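# Understanding the architecture of this molecule
Given next are the chains, with one letter for each unit.
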Amino acid sequence: MTDGRRPQALLVMDPAHFTVQFQEPQLRRLRTLVELGDPVATGDLDTTRVRRRLREVEVLVTSWGCPSLTTERLSDAPRLRAIFHCAGTVRSFVTDEVWRREILVTNAADENAIPVAEFTLAAIIFAGKKVPFLAQDARTHRQDWSYAERRGELSNRGRTIGIVGFSRVGRRVVERLRSLEVDVLVADPYADAARVSAAGARLVRLPELLPRSDVLTLHVPALPSTRHLIGAAELAQLPDGATVINTARGAVLDTTALERECARGRLDAILDVTDPEPLPATSPLYDLPNVMITPHIAGSLGSETRRMSESALSELERYLSGQPPRAIVTADEFKVSA
């Protein structure tokens with residue numbers, strides 16, 4: 001758009017996310033770019049009031065909680081030209097009808113990758129020192145710190161870190177690992193060896209990576225082809241005492257196989273995502289002293305989500321000035337991305 005007019009826009013997301021992601025600075029910036037009608041934001045596209053509003057809307061700004069953009073719902077939005085998503089994946093609401101109508105879609109997945117990479121780096125460092133598991137031990141072995149010796153060598157220097165998936169997050173993890181004296185291997189059939197090397201790692205095949213990894217961290221999307229990518233056979237190839245970190249999607253890791261390995265004490269695990277999510281209350285992983293589970297907190301939360309809002313607004317600015325988007329989601333990419 002270059003005609004200078006301000007298009008009609010609607011924010012579509014869960015009300016709780018709207019409150020966190022669009023505070024006064026973000027709303028003030030948004031109002032300089034578009035016309036915001038009534039309602040400004042909604043999590044329900046099926047009310048009479050919202051359906052009436054959709055008839056005028058050219059731009060949707062979306063986030064977590066956006067309903068699926070079905071053919072029926074899109075029929076209420078004949079002027080819709082662009083969707084700016086201020087969260088990560090658009091897989092939960094973008095449909096084939098969006099692509100058929102050639103609606104521009106962008107997302108803020110790059111910004112969401114930042115806190116996930118930060119969390120993963122912390123998890124890797126903690127894994128080398130066995131921090132989560134020694135913290136569990138401390139509850140039992142009080143007033144006697146000799147229990148630390150039972151966890152093997154507590155060090156990060158000279159470790160080998162295996163990265164499965166040179167994704168937005170995987171690449172950032174590799175770059176952050178430059179601060180440690182570690183060897184970094186990457187397994188990803190779609191990655192370019194030169195780009196991996198430039199980031200600070202070496203591209204290898206998964207069968208070569210697994211037996212060499214003191215820490216295995218997963219960064220692949222949940223697709224039919226990646227379900228249980230790391231299963232019993234793959235876990236068996238990891239060396240004794242290795243730590244498995246999953247901040248990607250629970251389904252890429254075979255939960256039952258991991259339970260067996262962790263229950264034997266052969267492997268440790270740091271899990272921010274699980275399959276299913278959350279795990280059943282009866283899962284043995286909750287009670288194992290060599291497993292740490294967090295409730296899917298690695299991604300953007302709180303003030304971090306406003307980084308994503310600002311990114312979406314920057315994409316909106318580019319759209320209005322006729323510049324190409326920087327974070328476009330295409331129909332082809334949609335098939336293989338997270």
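Going by the structure above, here's the rest.
Here's a quick rundown of the structure.

Each value, and the rule that gives it
- Residues numbered from 1 in each chain as written.
- Predicted model: local features only at pLDDT ≥ 70, side-chain atom pairs only at ≥ 80, totals over all residues.
- Heavy atoms only, no water.
- Helix = DSSP H or I, 4+ residues; strand = E, 2+ residues; numbered from the N terminus.
- Rg over C-alpha atoms; globule rule 2.2 N^0.38 Å.
- Buried < 20%, exposed > 50% of the residue type's maximum accessible area, 1.4 Å probe, protein only.
- Contact = heavy atoms within 4.5 Å.
- Areas by Shrake-Rupley, 256 points an atom, 1.4 Å probe, with all protein chains shown as cover.
- Lys, Arg positive; Asp, Glu negative; His and termini not counted.
- Charge placed at Lys NZ, Arg CZ, Asp CG, Glu CD.
- Disulfide = S-S within 2.5 Å.
- Phe/Tyr/Trp six-rings, centres within 6.5 Å; stacked < 30°, edge-to-face > 60°.
- Axes fitted to C-alpha atoms, helices over the stretch in contact; angles between N-to-C directions.
- Parallel < 35°, antiparallel > 145°, perpendicular 65-115°, else oblique.
- Left-handed = near helix turned anticlockwise from the far one by under 90°.
- Arc of directions from axis to C-beta.
- Pairing = 2+ DSSP bridges.
- Nonpolar A, V, L, I, M, F, W, Y, C, P; charged D, E, K, R; others polar.
- Salt bridge = Lys/Arg side-chain N within 4 Å of Asp/Glu carboxyl O.
- Polar contact = N/O pair within 3.5 Å; in protein donor to acceptor, adjacent residues only side chain to side chain.

### Observations regarding the overall build of the protein chain
Across its full length, the protein chain holds 14 helices and 12 strands. Its C-alpha radius of gyration of 22 Å places the protein chain within 12% of the 20 Å reference for a compact globule of 338 residues. Counting all 338 residues of the protein chain, 51% fall into the buried class. The contacts of the protein chain with a sequence gap of at least 6 include a subset with a gap of at least 24, amounting to 66%. In the structure as shown, the protein chain presents an accessible area of about 16,100 Å², 50% of it carried by carbon and sulfur atoms. The distance from the centre of the 43 positive side-chain charges to the centre of the 44 negative ones in the protein chain is 3 Å.

### Structural notes on the state of the cysteines
Applying the stated criterion to the full structure yields 0 disulfides. Between Cys66, a cysteine without a disulfide, and Cys86, which holds the nearest cysteine sulfur, the sulfur-to-sulfur distance is 10.0 Å. Residue classification places Cys66 among the buried positions, given a relative accessible area of 8%.

### Comments concerning the environment of Pro78
By the secondary structure assignment, Pro78 is in the loop between helix H4 (71-75) and strand E4 (82-85). A relative accessible area of 49% means that Pro78 is categorised as partly exposed. Residues Pro78 and Glu56 lie 22 residues apart in sequence; the distance between their C-alpha atoms is 8.0 Å.

### A closer look at the packing of aromatic side chains
Evaluation of the coordinates by the stated rule reveals 2 aromatic pairs. Taken together, a centroid distance of 6.2 Å and an interplanar angle of 20° make the contact between Phe18 and Phe22 stacked.

### Observations regarding the packing of helix H6 (residues 109-129) against helix H8 (residues 168-176)
Where H6 contacts H8, the axes come no closer than 8 Å and their chain directions differ by 45°. One way to sum up the angle between H6 and H8 is to call them oblique. As for how H6 packs across H8, the hand of that crossing is right-handed. Side by side, H6 and H8 meet where Ala109, Asp110, Ala113, Ile114, Val116, Ala117, Glu118, Thr120, Leu121 and Ile124 of the first sit next to Arg168, Val169, Arg172, Val173 and Arg176 of the second.

### Observations regarding helix H2 (residues 24-31)
The set of residues buried in H2 consists of Gln26, Leu27, Arg29 and Leu30. Buried residues in H2, looked at end-on, bunch into an arc of 160°, giving them a common side. Here the buried face of H2 lies against strand E1 (8-12), helix H1 (15-21), strand E2 (35-42) and helix H13 (304-320).

### Some points on the sheet that holds strand E5 (residues 104-106)
One key point about sheets: their strands pair by backbone hydrogen bonds, in either a parallel or an antiparallel sense. Reading across from one edge, E2-E1-E3-E4-E5 is the order of the 5 strands in this open sheet, with parallel pairing throughout. Pairing within the sheet leaves two strands with one partner each, and these edge strands are E2 and E5. Strand after strand, the sheet turns through a mean of 15° between neighbouring axes, direction not considered. Bridging between E1 and strand E3 (residues 59-62) involves 4 bridges; their strand directions are parallel. Bridged to Leu11 within E3 is Val61.

### A short note on the packing of H6 against H13
The axes of two packed helices give the description: the angle between them and the distance between them. At a minimum axis distance of 8 Å, the contact between H6 and H13 shows a crossing angle of 160°. By the criterion of interaxial angle, the relationship of H6 to H13 is roughly antiparallel. H6 and H13 meet at a crossing whose hand is right-handed. In contact with Glu111, Asn112, Ile114 and Pro115 of H6, H13 contributes Glu304, Arg307, Met308 and Ser311. When its residues are assigned to classes, the contact of H6 with H13 shows 3 nonpolar, 2 polar and 3 charged.

### Side note on the side chain of Glu315
Positionally, Glu315 belongs in helix H13. In this structure Glu315 is buried but unpaired, with Arg318 as the nearest side chain of opposite charge at 4.1 Å. Of the polar contacts made by the side chain of Glu315, one reaches the backbone nitrogen of Arg326; its length is 3.1 Å. Apart from the residues lying within four places of it in its own chain, the contact partners of Glu315 are Phe84, Thr106, Pro325, Arg326, Ala327 and Ile328.

### A few points about the pattern of salt bridges
Under the definition given, this model contains 21 salt bridges. Arg28 serves as the salt-bridge partner of Glu24, at 3.8 Å between the closest nitrogen and oxygen. Note that Glu24 and Arg28 are positioned in helix H2 at a spacing of 4 residues, about one turn of the helix. Under the relative-accessibility criterion, Glu24 is labelled partly exposed at 43%. Arg168 is paired through a salt bridge with Asp110; the nearest N and O atoms lie 2.8 Å apart. Taken as a pair, Arg168 in helix H8 and Asp110 in helix H6 lie far apart in primary sequence, 58 residues in all. In this structure Arg168 comes out as partly exposed when scored by relative accessible area, which is 30%. Residue classification places Asp110 among the partly exposed residues on the basis of a relative accessible area of 28%. Look at the salt bridges and you will find they share partners, linking Asp240, Glu261, Arg264 and Arg266 into a network.

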